[in-house]
Amino acid sequence: MTDDQSAENALKSIDNARAAGDRFSRDTWSYDLPYSLFAAALVGGLGLSGPLNLIVPILAGGALVGLAWGWAQKHGVWISGTTPRRARWVAAGLGIVIAVLAAVAVVARFEGGGVVFSLAVAIAAFVAALVGSRWWRKVYRREMGLSA
């Protein structure tokens, strides 16, 4: 293979990655809303009394995996939340917020927070996941050089 062919293949690879990223980041509400709902169920479920505090988060976690897998199958590319560089920080921040809310739900369960408190934490998780997902996608598109 000549240097020209290598350069041409590298450019094609970059173009293919951008096209895949563009396909991945279109029609995002059909991903972001279920993602936020499943994240809310996972976090809120941790505050419920047993055995629901195990069943609901496990089912929600499975639904999140299924959603990500299905999205990747539909669009032909798996995009990690940790790349590109600036989008990584959005994903990390969202992860921290969700982890804190999950911890609050667990502590509240032991302190007698009840279903109403679990619902409040789940609503907070839904909002955080939706805002974080939309923000991540915006940063991702900007970093990949895709139209906003």
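That block above? That's the structure.
Residues numbered from 1 in each chain as written. Predicted model: local features only at pLDDT ≥ 70, side-chain atom pairs only at ≥ 80, totals over all residues. Heavy atoms only, no water.

> Help me out: how do you make sense of the environment of Ala108 in this one?
Note on placement: Ala108 falls in helix H4 (residues 85-110). Each C-alpha atom, one on Ala108 and one on Leu48, is 9.2 Å from the other, the two residues being 60 residues apart in sequence. Once residues lying within four places of it in the same chain are set aside, the contact partners of Ala108 are Gly113 and Phe117. (Helix = DSSP H or I, 4+ residues; strand = E, 2+ residues; numbered from the N terminus. Contact = heavy atoms within 4.5 Å.)

> What should I look at first to understand a positive patch on the surface in this one?
Together, Arg85, Arg86, Arg88, Lys138 and Arg142 make up a positively charged patch on the protein surface. Elements with a minimum of two residues in the positive patch: H4 and helix H5 (114-143). Assignment of secondary structure puts Arg142 in helix H5. With relative accessibility at 55%, the residue Arg142 sits in the exposed group. (Patch = residues over 30% accessible without salt bridge, like charges linked within 9 Å, V, L, I, M, F, W, Y side chains within 5 Å. Areas by Shrake-Rupley, 256 points an atom, 1.4 Å probe, with all protein chains shown as cover. Salt bridge = Lys/Arg side-chain N within 4 Å of Asp/Glu carboxyl O. Lys, Arg positive; Asp, Glu negative; His and termini not counted. Charge placed at Lys NZ, Arg CZ, Asp CG, Glu CD. Buried < 20%, exposed > 50% of the residue type's maximum accessible area, 1.4 Å probe, protein only.)

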